[in-house]
There are 2 protein chains.
Amino acid sequence: MNKKLVSVCLALAFGAGAGYATTVLAQAKPDQLVKQRQSAMTLISKYFGPLGAMAKGKAPYDADVAARNAGFLVALSQMPWDGFHPSTKGIDSKALPAVYENEAKFKEAAERMQGAMTKLAGVARDEGAFKDAVGAAAKACGACHNDFRAK
Amino acid sequence: MNKKLVSVCLALAFGAGAGYATTVLAQAKPDQLVKQRQSAMTLISKYFGPLGAMAKGKAPYDADVAARNAGFLVALSQMPWDGFHPSTKGIDSKALPAVYENEAKFKEAAERMQGAMTKLAGVARDEGAFKDAVGAAAKACGACHNDFRAK
């Protein structure tokens, strides 16, 4: 592979982010970590929202959308957690101090949400089971937000 | 399923986003669409960055990280595009007018990037092929940024 070409392309592709792209195994900066974890939460909300509407009967059940979104959510549910690095404690966000004071409980809550999304993806094409699984996933999200996120 | 419980949990889970969660089949607001597409780009950068570093020899090749990140990228590469809705034209962002003036070319560029990420995921555990595929993916990203994104 032409390494120079890749360098140029990465610089083109990621602009200001290229520094990160080339020094990634160094720790990302705290504000970048917060931006990344908030981005994951924004997309979780984007793709979970329609499933919540379906589960509540506010939108018609659509098996294809349910399966696509649930698949995305399995991936997205793995993305926020490394962003809650201790170095981010001082950055303004909705994360409560409990995130860093009770890491084991936070990790457990995060894992419960990931498990709920995996279950959701497994039943996305079965309307009844899907609706129950959406409820369980919403509870997992809400429980963690209650304990670890400012209102 | 207890619908009231799900309503409460969704409201807890998504806070200010609950309006979106309950009216999802209505079009999201333009500023929300921009936030969502930028979130996808932020996460694409997060997970592509380490692969670029590996391809350039700035970080050691790690097949597990390569495969995990490439899998995430296949999902993430599908997420930005519905955020470039015509309703977002007036929102301040790096998107150039060309996005809305040349939709067919933009769609083609987006699809080329998605294809490159899918190929990348397919070869993530083969170091040589992986490095070439990272270069191809970076080119696809960069080509689209060149034409459709402000410097």
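Bear in mind the structure is a predicted one, so any value in this text is a computation, not a measurement. (Residues numbered from 1 in each chain as written. Chains lettered and ligands numbered in written order. Predicted model: local features only at pLDDT ≥ 70, side-chain atom pairs only at ≥ 80, totals over all residues. Heavy atoms only, no water.)

Draft legend 1. Spotlight on the overall build of chain A. In terms of regular secondary structure, chain A is built from 7 helices and 0 strands. Counting the 151 residues in chain A, one finds 46% classified as buried. (Helix = DSSP H or I, 4+ residues; strand = E, 2+ residues; numbered from the N terminus. Buried < 20%, exposed > 50% of the residue type's maximum accessible area, 1.4 Å probe, protein only.)

Draft legend 2. Representation of the environment of Cys 141 of chain B. Residues and elements named next belong to chain B. Relative to the assigned elements, Cys 141 resides in helix H7 (residues 127-148). Overall, the relative accessible area of 7% leaves Cys 141 in the buried class. Distance from Cys 141 to Pro 86, taken between C-alpha atoms, is 22 Å for residues 55 residues apart in sequence.

Draft legend 3. Looking closely at the packing of aromatic side chains. Residue and element names in this part refer to chain B. The final tally for this structure, using the stated rule, is 12 aromatic pairs over all chains. Measuring from centroid to centroid gives 4.9 Å for Tyr 47 and Phe 72, while their planes differ by 75 degrees, and the two rings are edge-to-face. Separated by 25 residues along the polypeptide, Tyr 47 in helix H3 (residues 30-55) and Phe 72 in helix H4 (residues 63-76) bring together distant segments of the chain. Ring geometry for Tyr 61 against Phe 130: centres 5.4 Å apart, planes inclined by 50 degrees, an arrangement best described as tilted. Placement of the pair is Tyr 61 in the loop between H3 and H4 and Phe 130 in helix H7, with a sequence separation of 69 residues. Given the relative accessible area of 21%, Tyr 61 is considered partly exposed. Using a relative accessible area of 0% as the deciding quantity, one classes Phe 130 as buried. (Phe/Tyr/Trp six-rings, centres within 6.5 Å; stacked < 30°, edge-to-face > 60°.)

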